Amino acid sequence: MPTRFSLACFSLSCLALLASDHLGAAQQGYVWTTDHLHVGVRWQPFGLKKCDEYDANRPLLNEHSSYAQFWVSWRAAEPTEKNVDYKNHLSGYLRAIDHAVNLCVKRGVHVELVTWHCPPWASESGQGGGHRPKAGEYARFATRLAKHFKGRVGAYQLYHEVNLQGMINGADIDFVMDEIFTQGGRAIRKVYDAQPKTPVLVSTSGTSPCEACGPLKGLKGKGAAAVSDYYDRLIANKEVMNVVDALNQNVSDHFNGYGMMDGLIIPNVWTQYDLARGKLDAASYRSKKILSSESWIVWDGSGNNTDVNGDGKKDERDAFDKTVTIFGKMLERGLNTVNMPWCDNSSSWSMGLVKRVDYNGRVKKLQPGWVIPSNDGGPDVVTRKLSLRGSTDENFQPVEVEPSGRRFTEKNYINPGDPNHLHYYVWKWYSQLAGGSDEVIRHAVSGEFGNDLTVLGPGFTGNEQYKLSSYNRTKKTFIVLLYAGGAGGTSHAKVTLPSTIQKGKYYNNEFSAKDFRGEGFEDGQKYQARIVTKDINRDNGQDLNRREELTKPATVTNGQLTVNVGNLRKFTRIEFSLAK
């Protein structure tokens, strides 16, 4: 949504010059391919060194995220022409991104950059922001960015929400396909193909779900119709498809709580996935994937939120329910990257997974009424949406965002002293599928013949049911996540999945950059399953009715792993490993 990006943390006033600890060509343990599965966060660093380092050590990133997405505003990264000289005139904004990227790399968290907006000096109109760049300038910017981050960044998204005219005024779809996607993508690949050659994933712009916003010139119709035409135009362009590994889509709760645009072409966010996937298949592009660009789920009482559970309130319980559905629907379909905003940011509504905390006590010192004690004994919880403006951790000024407009205080929180929002606990449960810094790839897909994950039994019940599976190459274990909305701990289910990585329709096949097929457990080997089945408290996110069990050793037979889960609850995790 174009109105969301007047974020203070994207402005130069919020980003300070700080010492960079470059890691050179540091690698993150494995090459990120489209067969890998990632659950992570979108990080908007303030550029305050200790603040960013504290954030990097929070469990959200340090333990649970497998990748982090950074939005790189070209306008802020290169505000003047002298800032194209990264060696001598690196902007404070880009220095902050650079430092945060290094923090991720050190923790084994993979990194993706999303570019957007144009500086005045590079635009045809002389205006900065959502304006058409001069011919060739975006490719030159992409080259500079790729050279700077090669070896630390494994994926790039080319621009953002260019299905909307407001994101690139003066341009049309042909300009976007040629200058941004083709030339920009080629520029990045050229850098990464140079010695030492380094693999990279390149994908197209995400798609805004705004039905009423003006579509990019050259697209047919508006809103969802224009999105459909946008995908058609990209897929028909052989040059674009030769450059990119994947198309992108926004993953959000926009409009009706589930990403509706028009109710027909795109009635919810997962049908946008089906729309793009169907178009790729029809054009024989089974090798191309769909990735997640901007993702968000609103948790406050703003007009952009929806009371999906019908309790008369728009609050964190709605965000909890929406996260269960949206993540389940998208991951089960085959989306291999999904993320959500990290901390409460400076936008006009709330989307963060966790609350900003007073990491060094300065907010309490300057504004004692803006913080409350944390439940976990850590730093105080900040109860206002803030931007931290200043050059150092010791002199920043906390500035309340929209103090007379949309804002939140502790009255909006389900559990005020919890540093996390309620839907964080759902995100964390799904994040187990991606294994944090471990190398994890997609495994069996529900309903895929010969590569199926099946769950049978009366315990697996309810209006919402999700079955997800991955293979952790680091630990040599299979992970299965089951969500059963009607499970009450009174009945059982039998889970069966392949014991080795099979050839899939979209993953682990002849198009894969690396062949993982055959990895896993062989017939005759002994395995065990560790089962954790539980509910999650919709008031404080804590585990309820948790039961853990390690099964007796069983033998791999006919290439299958099987386990019976008794007393199934709503949230179940099963880890298969070789018996010791």
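Residues numbered from 1 in each chain as written. Predicted model: local features only at pLDDT ≥ 70, side-chain atom pairs only at ≥ 80, totals over all residues. Heavy atoms only, no water.

Caption draft 1: Spotlight on unusual backbone geometry. Cis geometry marks the peptide bond from Gln195 to Pro196; its omega dihedral reads -5°. Despite not being glycine, His117 shows a phi value in the positive range, around 65°. Here Asn558, not a glycine, exhibits a phi torsion of approximately 55°, which is positive. By the element assignment, Asn558 lies in the loop between β20 (554–555) and β21 (560–565). (Helix = DSSP H or I, 4+ residues; strand = E, 2+ residues; numbered from the N terminus.)

Caption draft 2: The arrangement of the side chain of Asp358 in detail. With respect to the helices, strands and loops of the structure, Asp358 is situated in the loop between β8 (337–341) and α12 (362–366). In terms of polar contacts, Asp358 uses its side chain to reach the backbone amide nitrogen of Val363, at 3.0 Å. Beyond its immediate sequence surroundings of up to four residues, Asp358 is in contact with Val363, Lys364, Val371, Pro379, Asp380 and Val382. (Polar contact = N/O pair within 3.5 Å; in protein donor to acceptor, adjacent residues only side chain to side chain. Contact = heavy atoms within 4.5 Å.)

Caption draft 3: Here's a closer look at the state of the cysteines. For the structure shown, the criterion picks out 1 disulfide. Two residues share a disulfide in this structure: Cys210 and Cys213, whose sulfurs sit 2.0 Å from each other. On the sign convention where negative means left-handed, the S-S torsion of about 80° between Cys210 and Cys213 marks this disulfide as right-handed. For Cys210, a relative accessible area of 8% puts it in the buried group. With no disulfide of its own, Cys343 lies 7.6 Å from the sulfur of Cys51, the closest cysteine sulfur. Taking the relative accessible area as the measure of exposure, Cys343 reaches 7% and is therefore buried. (Disulfide = S-S within 2.5 Å. Buried < 20%, exposed > 50% of the residue type's maximum accessible area, 1.4 Å probe, protein only.)

Caption draft 4: Spotlight on the side chain of His131. For His131, the location among the structural elements is in the loop between β3 (110–116) and α6 (137–149). What His131 contacts, discounting residues up to four positions off in sequence, is Cys118, Ser123, Ser125, Tyr159, Met167, Ile168 and Asn169.

Caption draft 5: Spotlight on the pattern of salt bridges. The final tally for this structure, using the stated rule, is 33 salt bridges. Notably, a salt bridge pairs Asp515 with Arg517, separated by 3.0 Å at the nearest N-O pair. For the salt bridge of Glu548 with Arg530, the shortest nitrogen-to-oxygen distance reads 3.0 Å. Linking Glu548 in strand β19 (residues 543–550) with Arg530 in strand β18 (residues 526–536), this pair joins segments that are 18 residues apart in sequence. For Glu548, a relative accessible area of 40% corresponds to the partly exposed category. One network of salt bridges, in which partners are shared, links Arg530, Lys534, Asp543, Arg546 and Glu548. (Salt bridge = Lys/Arg side-chain N within 4 Å of Asp/Glu carboxyl O.)

Caption draft 6: Examining the packing of helix α10 (residues 269–282) against helix α11 (residues 316–333) more closely. It is at 9 Å that the axes of α10 and α11 come closest, and there the two elements cross at 15°. As far as their axial angle goes, α11 and α10 are roughly parallel. Helix-helix and strand crossings are classified by hand; for α10 and α11 the assignment is right-handed. Residue-level inspection shows Val269, Trp270, Tyr273 and Asp274 of α10 in contact with α11, the latter providing Thr325, Ile326, Lys329, Met330 and Arg333. (Axes fitted to C-alpha atoms, helices over the stretch in contact; angles between N-to-C directions. Parallel < 35°, antiparallel > 145°, perpendicular 65-115°, else oblique. Left-handed = near helix turned anticlockwise from the far one by under 90°.)

Caption draft 7: Layout of the pairing of strand β22 (residues 571–578). The element β22 is extensively covered by neighbouring structure, given that 6 of its 8 residues are classed as buried. With 6 bridges connecting them, strand β16 (residues 477–484) and β22 associate as antiparallel partners. By the bridge assignment, Leu482 is partnered in β22 with Thr572. (Pairing = 2+ DSSP bridges.)

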